[in-house]
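# Descriptive analysis of the structure
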2 protein chains.
Amino acid sequence: MGNKNFYCIIMAGGMGRRFWPYSRKNLPKQFLDFFGCGETLLRQTYNRYKKIIPPENIFVTTYCDYKDLVCEQLPELDPSQIFIEEERRNTAPSLAHASHLIHKMNPNATIVISPSDQLILKMDEFERSILEGLEFASTSGKLVNLGIKPTRPDTNYGYIQIEDDGSEGIFHKVKTFVEKPEADFAEVFVQSNEFFWNSGIFIWHIDTILKAFHINMSEICPKLESESPDFSSCPNISIDSSIMEKSDNVYLQVCHFGWADIGSWESLYDALPKDKEKNVIINSNTMLYNSENNIVLMPEDKLAVIDGLEGYLVAEHENVLLICKKDDQKAIRKYVNDVEMKFGEKYS
Amino acid sequence: MGNKNFYCIIMAGGMGRRFWPYSRKNLPKQFLDFFGCGETLLRQTYNRYKKIIPPENIFVTTYCDYKDLVCEQLPELDPSQIFIEEERRNTAPSLAHASHLIHKMNPNATIVISPSDQLILKMDEFERSILEGLEFASTSGKLVNLGIKPTRPDTNYGYIQIEDDGSEGIFHKVKTFVEKPEADFAEVFVQSNEFFWNSGIFIWHIDTILKAFHINMSEICPKLESESPDFSSCPNISIDSSIMEKSDNVYLQVCHFGWADIGSWESLYDALPKDKEKNVIINSNTMLYNSENNIVLMPEDKLAVIDGLEGYLVAEHENVLLICKKDDQKAIRKYVNDVEMKFGEKYS
């Protein structure tokens, strides 16, 4: 089943630092069963794609330290389906290398690029959208970026503005990209009908993306087009800034599949169902008193009794407990840095 | 060494509920190494008395469930030195039974009664005071209650008012007992020179206390004056309310040995040294940001990162994390009850 020209690359090399302490250096969030549903985020992602794409066409890119974790969680993968980054260089170098390899396997491939740490609630809609996007990208010569109609002025997501062509269609030419906006801008974006959340899911034909790499990253392509790519001499650049924001053939596909980026505690809070005091309790035993707008994640079998907290994150994982305001995301990176300065790798 | 007529009874039967979750039903606080100093509170208490009282004259009363814990922590005790309460009935029935047994061993005994969960900072002063009290009680026919000059208006301690006889002596006739006062009263108490904290340490000759038991608890004494005392049919009463508050031969001994009752998180907070933001960190790895007036106790090897808390208790022990205002002690009893209603014994 599935069109033999359809491929998928799941990106699973991130450190998930913003989810510390749940996400740890040696076990980032994509390898964890975040919701206690019995499947890790990576496994959930793989399962979503294997319904619509031939399993032998699904690839995973990851950082060398995580290779064993990927093998363990996706034992059906052949080692050749795992692309290893020997050095962390963000998404662009890794995808350039993967694209080169897939081109050698099938010069008519059309590929979905997917993060490994997202929440998708409406599976039927998702399958329909991905197939629609693959069909469109396979013949149009466009770089397709899946966009989500915003439901709230989230300042943690990237936004994409489309050109106002008056059409109600699914695919729209992209006008511009806006990274995490200020709150007042985000409000305006949601009011308008021109802005969409950037899902981080891309679809393109192999020729389209290789052409874009050669136009925008010509100097580093040769380093990545070999069996032993030289990641160490590549710059640290994302596919968004090196390709998507620079190309003029980028199209947004409007999607409605119940999407959330599990990118930060705050976005997770926004995405999940709340109790009547607006607390989000993730798979944890809790007793809350006089507490509102909190997000709580505790280890299995541990009980948290909380009285008098408002707007906090309480997250415990392995040897770390973190209690902080849930809206101050940037702080988490500071905590991790400070903890590493003081204690070394023990808690990071 | 030590006067052969001097005895000690260490009371180690409490549940320490106000210290939940650190203190647990199957392992109350007296059996824990609270300060991570290598000795449990019970062991510390025993060590204090064995310097001044013959070891064979030191007894421990405890609840039946804790007998093994006492044996384990005080292996030098002969089983006959442990008095078991088969039913919890507070301090009076247990001490009546213990007094009866000690009287049979030595009708000229003078006994110190001591809680097993206190902090004593000045050992020399402590030894001097105990010996002074024993000497006084051995001949005076008084019930001696050790009192501490209050240094702050603590509303969690019991207070004792002495009769103003104008003397500067060590022993003063007691006028009245005041349980945990309101804050404004406590202020007045500290200002006056008539009020002292009730340390819960008592000293009396065996004849004096047996006489007091027979006057105030005549109906239950027979049940406790046998080898197999019938605790179940005794009322639940403290030595304070049944004897000390009713007798007219109670004397307060003024002491200065750096005393704190480890009776609640709040009293512990008051007793311990604070960092410059007035946080008390008990034997825990922490990184605190924008946080003041908190008390934190974490398991060994666990790190707590806390940002933006003021006036909270953060205590984790075994399978429970508690976060609440540190000044609302009564709440802890409610939490434990609620937790038992919801989860049974698992977390209590």
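Use the structure listed above.
Here is a short report on the structure shown in this document. Here the structure is a predicted model, which is why all the values come from computation and not from measurement.

### A closer look at the overall build of chain A
Secondary structure summary: chain A contains 10 helices and 17 strands in total. Once the C-alpha set of chain A is aligned to its principal axes, its extents read approximately 60 × 50 × 40 Å. Scored against the burial criterion, the 348 residues of chain A give a buried share of 58%. Expressed as a percentage of contacts within chain A between residues at least 6 apart in sequence, the contacts between residues at least 24 apart total 68%. Distance between charge centroids for chain A: 2 Å, based on 36 positive and 52 negative side chains.

### Concerning the interface of chain A and chain B
If you look at the interface, chain A gives 34 residues, while chain B gives 34 residues. Summing both sides of the interface, chain A and chain B together bury roughly 2800 Å²; the carbon and sulfur share of this comes to 57%. Linking chain A with chain B are four salt bridges, by the criterion used here. With its nearest N and O atoms 2.4 Å apart, the salt bridge here joins B:E316 to A:K302. The interface formed by chain A and chain B contains 27 residue pairs in polar contact (both at pLDDT 80 or more). Residue composition of the side of chain A that touches chain B, by class: 20 nonpolar, four polar and 10 charged. Here strand β15 (residues 303-307) of chain A runs beside strand β17 (residues 320-325) of chain B; their pairing, made up of four bridges, is parallel. Within β17(B), the position partnered with A:L303 by the bridge is B:V320.

### Focus on the relation of the copies chain A and chain B
Superposition of chain A onto chain B requires a rotation of 180° combined with a translation of 0.1 Å along the rotation axis, giving an RMSD of 0.1 Å. In short, the pair behaves as if placed about a two-fold rotation axis. The residues that chain A uses at the interface reappear at the interface of chain B in 100% of cases, marking a shared surface.

### Concerning the pairing of strand β15 (residues 303-307) of chain B
Residues and elements named next belong to chain B. In terms of residue burial, β15 counts as a mostly covered element, since five of its five residues are buried. Side chains of β15 alternate between two faces, with L303, V305 and D307 and A304 and I306 buried alike. When strand β13 (residues 285-289) meets β15, the two strands line up parallel, connected through five bridges. Paired with L288 across the strands is I306, a residue of β15.

### Thoughts on the side chain of A:R43
All names here are of chain A. Structurally, R43 can be placed in helix α1 (residues 41-50). Residue class for R43 comes out buried when judged on its relative accessible area of 15%. Those residues in contact with R43, other than ones at most four positions away along the chain, are K50, Q73, L74, P75 and E76.

### Looking at the pattern of salt bridges
Residues and elements named next belong to chain A. A complete count under the given rule lists 34 salt bridges over all chains for this structure. Its salt-bridge partner being E125, residue R128 comes within 3.3 Å of it at the nearest N-O pair. A residue pair is termed a helical-turn pair when its members lie 3 or 4 positions apart in one helix, as R128 and E125 do in helix α4 (residues 123-140) at three residues. Classification of R128 as partly exposed rests on a relative accessible area of 44%. A relative accessible area of 26% places E125 in the partly exposed class. Taken together, the salt bridges that share partners define one network made up of R17, K25, E340 and E345.

### As for the environment of B:E85
Residue and element names in this part refer to chain B. In this structure, E85 sits in strand β3 (residues 82-85). On the basis of relative accessible area, E85 is assigned to the buried category, the value being 8%. For the pair formed by E85 and P235, sequence separation is 150 residues and the distance between their alpha carbons is 13 Å. If near-sequence neighbours (up to four positions away) are discounted, E85 is found in contact with G13, T61, T62, Y63, C64, N90, S94 and F231.

### Notes on the environment of B:R152
Residue and element names in this part refer to chain B. With respect to the helices and strands, the residue R152 is situated in the loop between β6 (143-148) and β7 (159-162). In sequence terms R152 and V190 are 38 residues apart; their C-alpha atoms lie 6.5 Å from each other. Excluding anything up to four places from it in sequence, R152 contacts Y157, Y159, V190, W197 and D270. There is a polar contact of 3.5 Å between the side chain of R152 and the side chain of D270.

### Structural notes on the packing of helix α3 (residues 91-105) of chain B against helix α6 (residues 206-216) of chain B
Residues and elements named next belong to chain B. Contact geometry of α3 with α6 gives a least axis separation of 10 Å together with a crossing angle of 135°. Classified by the angle between their axes, α3 and α6 sit oblique to one another. In the packing of α3 onto α6, the handedness of the crossing is left-handed. Side by side, α3 and α6 meet where A92, L95, A96, S99, H100, I102 and H103 of the first sit next to I206, D207, I209, L210 and F213 of the second. Residue classes in the contact of α3 with α6 are distributed as eight nonpolar, three polar and one charged.

### Description of α1(A)
Across the 10 residues of α1(A), nine count as buried, placing the element largely inside the fold. Taken together, the buried positions of α1(A) are A:L41, A:L42, A:R43, A:Q44, A:T45, A:Y46, A:N47, A:R48 and A:Y49.

### Some details on the sheet that holds strand β16 (residues 312-317) of chain B
Reading across the sheet, the six strands line up as β13(A)-β15(A)-β17(B)-β16(B)-β14(B)-β12(B) and stay open at both edges, with mixed pairing between neighbours. Of all the strands in the sheet, just β13 (285-289) of chain A together with β12 (280-282) of chain B have a single pairing partner and so form its edges. Here the average twist between neighbouring strands, direction ignored, is 10°. Running over the sheet, helix α10 (residues 330-343) of chain B touches β13 and β15 of chain A together with β16 and β17 of chain B and is turned about 140° from β13(A).

### A look at the sheet that holds strand β14 (residues 295-297) of chain A
Taken in spatial order, the six strands of this open sheet run β12(A)-β14(A)-β16(A)-β17(A)-β15(B)-β13(B), and their pairing is mixed. A strand with exactly one partner marks an edge of an open sheet, and here the two such strands are β12 (280-282) of chain A together with β13 of chain B. Here the average twist between neighbouring strands, direction ignored, is 10°. Sheet topology note: the β12(A)/β14(A) ladder contains three bridges and is parallel. Opposite A:I282, over in β14(A), you have A:L297 as the bridge partner. Across the sheet, helix α10 (residues 330-343) of chain A lies against β16 (312-317) and β17 (320-325) of chain A together with β13 and β15 of chain B, angled at about 140° from β13(B), the strand it touches most.

### Notes on the pairing of strand β2 (residues 58-63) of chain A
Taken residue by residue, a regular strand's side chains alternate between the two faces of the sheet. Residue and element names in this part refer to chain A. In terms of burial, β2 is largely enclosed, as six of its six residues are buried. The side-chain alternation of β2 yields two buried faces, one formed by I58, V60 and T62 and the other by F59, T61 and Y63. Relative to β2, strand β1 (residues 6-11) runs parallel, the two being bridged by four bridges. What sits directly across from I10, in β2, is V60. Of the crossover connections in this fold, the one passing from β1 over α1 to the parallel β2 is right-handed. As paired elements, β2 and strand β3 (residues 82-85) share four bridges and run parallel to each other. Bridged to Y63 within β3 is E85. In the classification by handedness, the crossover that spans β2, the intervening helix α2 (residues 67-73) and the parallel β3 is right-handed.

About the criteria used
- Residues numbered from 1 in each chain as written.
- Chains lettered and ligands numbered in written order.
- Predicted model: local features only at pLDDT ≥ 70, side-chain atom pairs only at ≥ 80, totals over all residues.
- Heavy atoms only, no water.
- Helix = DSSP H or I, 4+ residues; strand = E, 2+ residues; numbered from the N terminus.
- Buried < 20%, exposed > 50% of the residue type's maximum accessible area, 1.4 Å probe, protein only.
- Contact = heavy atoms within 4.5 Å.
- Lys, Arg positive; Asp, Glu negative; His and termini not counted.
- Charge placed at Lys NZ, Arg CZ, Asp CG, Glu CD.
- Buried area = accessible area lost by both parts, 1.4 Å probe.
- Salt bridge = Lys/Arg side-chain N within 4 Å of Asp/Glu carboxyl O.
- Polar contact = N/O pair within 3.5 Å; in protein donor to acceptor, adjacent residues only side chain to side chain.
- Nonpolar A, V, L, I, M, F, W, Y, C, P; charged D, E, K, R; others polar.
- Pairing = 2+ DSSP bridges.
- Least-squares fit on C-alpha atoms with pLDDT ≥ 70 in both.
- Axes fitted to C-alpha atoms, helices over the stretch in contact; angles between N-to-C directions.
- Parallel < 35°, antiparallel > 145°, perpendicular 65-115°, else oblique.
- Left-handed = near helix turned anticlockwise from the far one by under 90°.
- Right-handed = clockwise from strand over helix to strand, strands pointing away.

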